[in-house]
Amino acid sequence: MPSTEHESPVALAKLDPSLVAWLLRHVFDVKVPDYHHARPHATDVRVLVPRTYHADSMLLFCDPTDQPLLAVVLEIQRGWDSTKRRTWKLYVAQLEAELDVDAALLVYCPDLRTARRYRGLFEFDGLSLALRPLIFTPSDVPLVVDVDLARTNPALAVLSAICHGHDAQVEATFPALMAALRSVNPKTAILYYDVVLAGLPAAARTRWEAFMTTTARYEYHSELFRELAAKHEEQGEARGEARAILTVLDGRGVAVPAEAREQILACTDLAQLDTWLRRAANATTIDDVLGA
């Protein structure tokens, strides 16, 4: 199953396809057509043999009429897999045959040694169809510390932080990264923030969260974060209601067996707790509260 670190660059490409265009232009000197917009493309590649190959991401850069001008296959490769020598060719050949456009294969390898092995894999293709994979590593992505650059290209700022997550200087990217999040609309900022949390290693993620909540005095809440916060708030309210019930019963001198006490404290249903609290106000026995 792909890891969250594996999915982060793919998620970034979907959020902002211009990041892929930036990588092609600035890392590989690829001439990207003057496109109007970009859109995702289905990542399944079918062949005559009943089998489907699945790429990590495919993007189409299109003209104003939505006609593709350039196709890009984005692959995230963390480990060695010699079969990629042929499956990557399938992805590119399928797109070029289907759409009648050039297709670029962009491969992100977090490990430099793995990247070198893949580059060597395609140096001598012999009689086979030649393929030029555009392989980049974290060292090919600049350390984005310039606030203006981050505001101009937020996706690059996010990718930079992820790529340099294991570097000692990753904290230098935090002010620019924060500026990048503030330069986009709140919904997009939350999505970018989720990508940052998923893509950073644990140590860097802890430092980033500390920066956002202390130094920056600012905090983004993703959907998952909000759900957890709401859950904790609800659990806190439930504990308060449970204690209130026990306090009322104690004030009325109603004996509460250990089993009943545990039942009340363990309850998280606020409606049920409210019912028990109203009953406790007039109860003379615990059955008056917990009885049906």
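Right above here is the structure, for reference.
First things first, this report covers the structure right here in the doc. (Residues numbered from 1 in each chain as written. Predicted model: local features only at pLDDT ≥ 70, side-chain atom pairs only at ≥ 80, totals over all residues. Heavy atoms only, no water.)

1. Examining the overall build of the chain
A tally of regular secondary structure across the chain gives 13 helices and 7 strands. For the chain, the proportion of its 292 residues judged to be buried stands at 43%. In the chain, the share of contacts with a sequence separation of at least 24, taken over all contacts with a separation of at least 6, comes to 64%. (Helix = DSSP H or I, 4+ residues; strand = E, 2+ residues; numbered from the N terminus. Buried < 20%, exposed > 50% of the residue type's maximum accessible area, 1.4 Å probe, protein only. Contact = heavy atoms within 4.5 Å.)

2. Let's talk about the sheet that holds strand 4 (residues 57-62)
Taking strand neighbours across the sheet as the criterion, the 5 strands line up as 1-4-5-6-7 in an open arrangement whose pairing is mixed. The sheet terminates laterally at strand 1 (37-40) and strand 7 (134-136), the two strands that pair on one side only. Going across the sheet, the axis of each strand differs from the next one's by a mean of 25°, ignoring polarity. Here strand 1 pairs with strand 4 via 4 bridges, running antiparallel. The residue of strand 4 that forms the bridge with Arg39 is Leu60. The strands touched by helix 2 (residues 18-28) are strand 4, strand 5 (68-76), strand 6 (103-108) and strand 7; relative to strand 7, the strand with the most contacts, the crossing angle is about 90°. (Pairing = 2+ DSSP bridges. Axes fitted to C-alpha atoms, helices over the stretch in contact; angles between N-to-C directions.)

3. Some words on helix 8 (residues 186-199)
The end-to-end C-alpha distance of helix 8, which contains 14 residues, comes to 20 Å, matching closely the 20 Å that a straight helix rising 1.5 Å per residue would cover. Among the residues of helix 8, Ala189, Ile190, Tyr192, Tyr193, Val195, Val196, Leu197 and Gly199 are the ones counted as buried. Sitting at the amino-terminal end of helix 8 is Asn185, which places a side-chain oxygen 3.1 Å from the backbone nitrogen of Lys187. (Expected span 1.5 Å × (residues − 1). Polar contact = N/O pair within 3.5 Å; in protein donor to acceptor, adjacent residues only side chain to side chain.)

4. Describing the layout of surface pockets
The computed volume of the largest pocket comes to approximately 220 Å³. As for the largest pocket, its lining consists of 13 residues, of which Ala103, Ala104, Leu105, Arg132 and Leu134 are closest to the centre. Going through the elements one at a time, helix 3 (84-99) and strand 6 are the ones with two or more residues in the lining of the largest pocket. Broken down by element, the lining of the largest pocket gets its largest block of residues, 3 residues, from strand 6. Looking at side-chain class alone, the lining of the largest pocket contains 9 nonpolar, no polar and 4 charged residues. Considering only enclosed or pocket space, the second largest pocket measures out at about 180 Å³ in volume. For the lining of the second largest pocket, the residue count by class is 6 nonpolar, 4 polar and 3 charged. (1 Å grid on protein atoms, 1.4 Å probe; cavity = no way out; pocket = protein on both sides within 12 Å on 5 of 7 lines; lining within 4 Å. Points joined across faces, edges and corners; volume = space filled by probe spheres on them. Nonpolar A, V, L, I, M, F, W, Y, C, P; charged D, E, K, R; others polar.)

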